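One letter stands for each residue in the lines below.
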Amino acid sequence: MSLLVPKSMPLLIPKPMSLLVPKAIGTFILAAVLVTGPAFGQQTGTASLPSLKSAYRNDFLIGAALNMRQIDEKDPAATALIAQQFNALTPENSMKAAIIHPGWDRYNFDDADRIVQFAEKYHLKVNAHNLIWHSQLPPFVSHIQDADSLRHFFTDHITTIAARYDGKVYSWDVVNEALNEDGTLRKSIYQQRLGDDYIVEAFRLAQKAAPHTLLYYNDYNIEHGKKREGAIALIKKIQAAGVRIDGVGIQGHWSAAHIPLEDIENSIREFSALGVKVMFTELDLSVLPSPWNRNTADVGQQAAYADKMNPYVNGLPDSVSAQLAKGYEDLFRLFMKYKEKISRVTFWGVDDGQSWLNGFPIRGRTNYPLLFDRQLKPKAAFYKVIAVAGETGTR
Ligand code: XIL
């Protein structure tokens with residue numbers, strides 16, 4: 001499989017960060033966990049770890065993106081950790097069109113079926129990802145020239161897959177990443193061949209094929225500016241057409257150093273005011289420098305540049321680890337403030353070794369964006385996230 005990534009994805013937008021003040025921790029047990037921190041996990045193993053899904057059980061679902069190695073239970077320690085920590089999963093790649101619909105009239109449901117079985121076995125809700133996206137399409141789609149043929153593919157794709165998994169998955173990302181940064185519609189193959197209404201049409205078809213499944217729009221940077229306005233307009237358009245949309249997913253690929261808390265808070269308010277649930281669907285916090293503003297004139301400095309962009313190959317300094325933990329703490333405090341509006345928070349992966357951010361937007365880096373390290377040990381950030389649930393009195 002050739003893995004394509006969204007090309008224009010600015011992960012790291014510098015923004016002022018409004019910091020929330022930490023509160024005292026309520027219970028002795030939680031305090032003990034926090035004091036002992038990672039050593040607690042190391043000494044006692046996974047079995048005695050606090051659990052994210054238990055800590056937030058009254059608030060929102062806690063999910064992770066899983067790959068097929070995890071679904072196929074290749075590593076028993078990873079399986080135990082997933083079962084203990086999460087009550088929702090999103091397939092990281094295996095339900096994308098390139099895999100599930102590799103030929104014009106050929107579907108391959110093998111991976112998706114195993115995902116559903118895994119979810120049943122360990123009691124996780126599946127957010128199926130995704131039906132309509134410009135990326136990770138099977139190659140034959142880009143050769144479809146006429147609108148009728150593309151409409152045929154589009155209708156068949158949505159109807160076949162959504163119907164097959166109705167009642168088996170909890171929700172669908174019906175449309176993924178349809179917006180440009182300025183809030184206009186991305187000129188994807190769907191938009192170009194089918195026109196702007198393809199999004200309403202996708203939800204209409206999904207609603208018909210999957211009446212028991214929640215239907216979402218999912219995108220990155222929609223917490224921000226014109227793109228947020230574009231997402232609001234899109235949701236209103238779907239609703240005005242009398243078509244069901246149940247939620248909006250803010251992906252949440254942020255930089256640990258620049259989390260746009262104010263934008264996130266405003267977007268939770270504004271999206272939920274439309275009557276849809278808000279979710280954080282692909283949460284990870286990069287600790288590495290951003291390449292987006294690179295001056296391309298320095299081609300002679302390739303080696304130095306590569307080192308500069310990949311500074312933590314031998315481990316994460318304590319100061320950066322603390323920044324990551326603080327970032328997650330601030331975010332989860334905000335999520336708890338709006339827990340009535342938020343139905344799920346999903347991390348884009350379980351552990352740092354799995355993260356796509358080791359390969360994107362620069363290949364071969366060592367990133368540390370998640371709550372568990374490469375040995376599946378909980379990091380300081382994990383204990384902060386657990387602590388936030390405790391301090392707000394919902395346990
Ligand atoms: C990423 C996967 O994590 C990678 O393994 C793959 O190579 C590319 O896609 N937005 C999305 C996700 O909606 O599907 C993307 O997942 C990350 C960005």
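Before any of the text, the structure's been laid out above.
Residues numbered from 1 in each chain as written. Predicted model: local features only at pLDDT ≥ 70, side-chain atom pairs only at ≥ 80, totals over all residues. Heavy atoms only, no water.

Chemist: Can you lay out the overall build of the protein chain for me, pointing to particular residues and giving the numbers?
Modeler: Within the protein chain one finds 15 helices and nine strands. By the burial criterion, 56% of the 395 residues in the protein chain qualify as buried. Restricting the contact set of the protein chain to residue pairs at least 6 apart, pairs at least 24 apart contribute 81%. Per element, the accessible surface of the protein chain, about 16500 Å² overall, is 53% carbon and sulfur. (Helix = DSSP H or I, 4+ residues; strand = E, 2+ residues; numbered from the N terminus. Buried < 20%, exposed > 50% of the residue type's maximum accessible area, 1.4 Å probe, protein only. Contact = heavy atoms within 4.5 Å. Areas by Shrake-Rupley, 256 points an atom, 1.4 Å probe, with all protein chains shown as cover.)

Chemist: Requested: an account of the site of the ligand, with residues and values cited.
Modeler: Contacts to the ligand come from 16 residues, most closely from E92, K96, H129, E282 and W348. Measuring from an oxygen atom of the ligand, one finds a side-chain N or O atom of E92 at 2.5 Å. Here the ligand loses 94% of its free accessible area of 420 Å² to cover by the protein chains. Looking at the shell around the ligand residue by residue, the classes come out as six nonpolar, six polar and four charged. (Near = heavy atom within 4 Å. Polar contact = N/O pair within 3.5 Å; in protein donor to acceptor, adjacent residues only side chain to side chain. Nonpolar A, V, L, I, M, F, W, Y, C, P; charged D, E, K, R; others polar.)

Chemist: Help me get a handle on empty space enclosed by the protein, residues and values and all.
Modeler: According to the stated counting rule, one finds two cavities of 30 Å³ or more in the structure shown. Taken as a whole, the second largest cavity encloses approximately 40 Å³ of empty space. Every residue along the wall of the second largest cavity is listed here: I132, W133, H134, V175, N176, E177, A178, R186, S188, Y190 and Y198. (1 Å grid on protein atoms, 1.4 Å probe; cavity = no way out; pocket = protein on both sides within 12 Å on 5 of 7 lines; lining within 4 Å. Points joined across faces, edges and corners; volume = space filled by probe spheres on them.)

Chemist: Pulling in residues and values, what's your account of the side chain of R186?
Modeler: Summarising the element assignment, R186 is placed in the loop between β4 (171-176) and α9 (189-194). The buried charged residue R186 lacks any salt bridge partner; its closest oppositely charged side chain belongs to E177, at an N-O distance of 4.5 Å. Looking at R186, its side chain comes within polar contact range of the main-chain oxygen of E177, at 2.8 Å. (Lys, Arg positive; Asp, Glu negative; His and termini not counted. Salt bridge = Lys/Arg side-chain N within 4 Å of Asp/Glu carboxyl O.)

Chemist: Tell me about the environment of L205, and please be specific about residues and values.
Modeler: Mapping L205 onto the fold places it in helix α10 (residues 198-209). Excluding residues that lie within four positions of it along the chain, L205 makes contacts with F154, T155, I158 and T159.

Chemist: Give me the pattern of salt bridges: which residues, what numbers.
Modeler: Across all of its chains, the model carries 19 salt bridges by this definition. The partner of R114 in a salt bridge is D72, with the nearest N and O atoms 2.8 Å apart. Of this pair, R114 sits in helix α7 (residues 110-122) while D72 sits in the loop between α4 (68-71) and α5 (76-85), and the two are 42 residues apart along the sequence. When its relative accessible area of 28% is taken as the criterion, D72 is described as partly exposed. In this structure, the salt-bridge partner of D197 is K237, at a minimum N-O distance of 2.8 Å. Linking D197 in the loop between α9 and α10 with K237 in helix α11 (residues 225-240), this pair joins segments that are 40 residues apart in sequence. Taking relative accessible area as the criterion, D197 reaches 48% and is therefore assigned partly exposed.

Chemist: Quick one: what's the story with the environment of R333, residue by residue and with numbers?
Modeler: Along the polypeptide, R333 turns up in helix α14 (residues 318-337). Owing to a relative accessible area of 8%, R333 belongs among the buried residues under this scheme. Once the C-alpha coordinates of R333 and A389 are considered, the two residues, 56 residues apart in sequence, prove to be 8.1 Å apart. Polar side-chain contacts of R333 include one of 2.9 Å to the side chain of E329.

Chemist: Outline α10, listing residues and values.
Modeler: Working note: α-helix, 3.6 residues per turn, so residues spaced by three or four point in the same direction. For α10, which comprises twelve residues, the first-to-last C-alpha distance of 16 Å matches the rise-based estimate of 16 Å (1.5 Å per residue) to within 8%. Listed in full, the buried residues belonging to α10 are Y198, I199, V200, A202, F203, L205, A206 and A209. Tucked into the core, α10 has its buried residues touching β3 (125-132), α8 (147-165), β4, α9, β5 (214-219) and α11. (Expected span 1.5 Å × (residues − 1).)

Chemist: Tell me about the packing of aromatic side chains, and name the residues and values.
Modeler: Under the defined criterion, the tally for this structure stands at 19 aromatic pairs. Where F60 meets F335, the ring centres are 6.5 Å apart and the plane angle is 85°; that geometry is what we call edge-to-face. Here F60 is found in the loop between α3 (52-55) and β1 (61-66), whereas its partner F335 is found in helix α14, with 275 residues between them in sequence. The pair F60 / F335 is uniform in exposure class, with both members buried. With 5.4 Å between their ring centres and 10° between their planes, Y107 and F109 make a pair best called stacked. Residue F109 is classed as buried on the basis of its relative accessible area, which comes to 14%. Over the face of the ring belonging to Y170 we find K125, whose NZ or CZ atom lies 5.2 Å from the ring centre. (Phe/Tyr/Trp six-rings, centres within 6.5 Å; stacked < 30°, edge-to-face > 60°. Lys NZ or Arg CZ within 6 Å of the ring centre and 35° of its normal.)

So far we have only geometry, and geometry alone does not tell us how the molecule works.
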